[in-house]
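Residue strings, one per chain:
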Amino acid sequence: MEQRIERIKKQLHSQSYKLTPQREATVRVLLENEDDHLSAEDVYMLVKEKYPEIGLATVYRTLELLTELKIVDKINFGDGVSRYDLRQEGADHFHHHLVCIECGSVDEIQEDLLEEVEKVVEKRWNFAIKDHRLTFHGICHRCK
Ligand SMILES: [Zn+2]
Ligand SMILES: [Zn+2]
């Protein structure tokens, strides 16, 4: 935990940003809930437990900054809510998601698996791929 915070601090510094206490509190909430896909409001409620004086706008700006720096990815599972997801350290691409239409659970696939598809897209559409989003909707192993 502390090591990852240290590395995130360095990432911010390299872009001339500071890890202020409010930003650190937001990063901690994301790390503590890494398996969840929290909305800005969820993050805000959790940060507020430790920093009662913090405002939603501050949390929101921090999440946008972390998204810009690719520390966090913003994702929408089709319910109109933006959720924030920590990027795996060293990952070039955003991980994939399995969203269960029965129980609403979200599982993650860390393997990229898309190399072949990307090659085809890059060639056929002459498109330089920088990232992708892939969400599968279906029925999870628990609900089957
Ligand atoms: Zn995820
Ligand atoms: Zn399920």
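Residues numbered from 1 in each chain as written. Chains lettered and ligands numbered in written order. Predicted model: local features only at pLDDT ≥ 70, side-chain atom pairs only at ≥ 80, totals over all residues. Heavy atoms only, no water.

**Student:** Just to check I follow, could you spell out the coordination of the zinc ion (ligand 1) for this structure?
**Tutor:** When a metal carries six donors in an octahedron, the ideal angles between them are 90 or 180 degrees, while four donors in a tetrahedron ideally lie at 109.5 degrees. Protein ligation of the zinc ion (ligand 1) involves His37 (NE2), Asp85 (OD), His95 (NE2), His97 (NE2) and Glu108 (OE), the donor distances falling in the range 1.9 to 2.2 Å. Each donor residue of the zinc ion (ligand 1) lies on the same chain, and together they follow the pattern H-x47-D-x9-H-x1-H-x10-E. Here Asp85 lies in strand S3 (residues 82-86) and His37 lies in the loop between helix H2 (21-32) and strand S1 (38-39), a separation of 48 residues in the sequence. As far as the burial class goes, His37 and Asp85 line up, both buried. (Donors = N, O, S within 2.8 Å, 3.2 Å for Na, K, Ca; no water. Helix = DSSP H or I, 4+ residues; strand = E, 2+ residues; numbered from the N terminus. Buried < 20%, exposed > 50% of the residue type's maximum accessible area, 1.4 Å probe, protein only.)

**Student:** How do you make sense of the pairing of strand S5 (residues 106-109) when you look at a structure like this?
**Tutor:** A regular strand places its side chains on the two faces of the sheet in alternate fashion. Here strand S4 (residues 96-100) runs beside S5; their pairing, made up of 4 bridges, is antiparallel. For Leu98, the partnering residue across the bridge sits in S5 and is Asp107. (Pairing = 2+ DSSP bridges.)

**Student:** What am I meant to see in the pattern of salt bridges here?
**Tutor:** Any two side chains of opposite charge can pair if their charged atoms end up close together. Under the criterion given, the structure shown has 12 salt bridges. Across the salt bridge formed by Arg87 and Asp131, the nearest N and O atoms sit 2.6 Å from each other. Taken together, the residues span a long stretch of sequence, with Arg87 in the loop between S3 and S4 and Asp131 in the loop between helix H5 (115-124) and strand S6 (135-138) at a distance of 44 residues. For Arg87, a relative accessible area of 9% puts it in the buried group. Linked by salt bridges that have partners in common, Asp73, Arg87, Asp131 and Arg133 make up one network. (Salt bridge = Lys/Arg side-chain N within 4 Å of Asp/Glu carboxyl O.)

**Student:** Is there a simple way to think about helix H1 (residues 2-14) in this case?
**Tutor:** An α-helical turn contains 3.6 residues, so a residue and the one three or four places further along point in the same direction. In a regular helix each residue adds 1.5 Å, so 13 residues correspond to 18 Å; H1 covers 18 Å between its end C-alpha atoms and thus fits that length. Here H1 has its buried residues at Arg4, Ile5, Ile8 and Leu12. Axial view of H1: buried residues confined to an arc of 100 degrees, hence all on one face. Seen from the open side of H1, the exposed residues pointing more than 90 degrees away from its buried face are Gln3, Lys10 and Ser14. Each element contacted by the buried residues of H1 is listed here: H2, helix H4 (56-68) and S3. (Expected span 1.5 Å × (residues − 1). Arc of directions from axis to C-beta. Contact = heavy atoms within 4.5 Å.)

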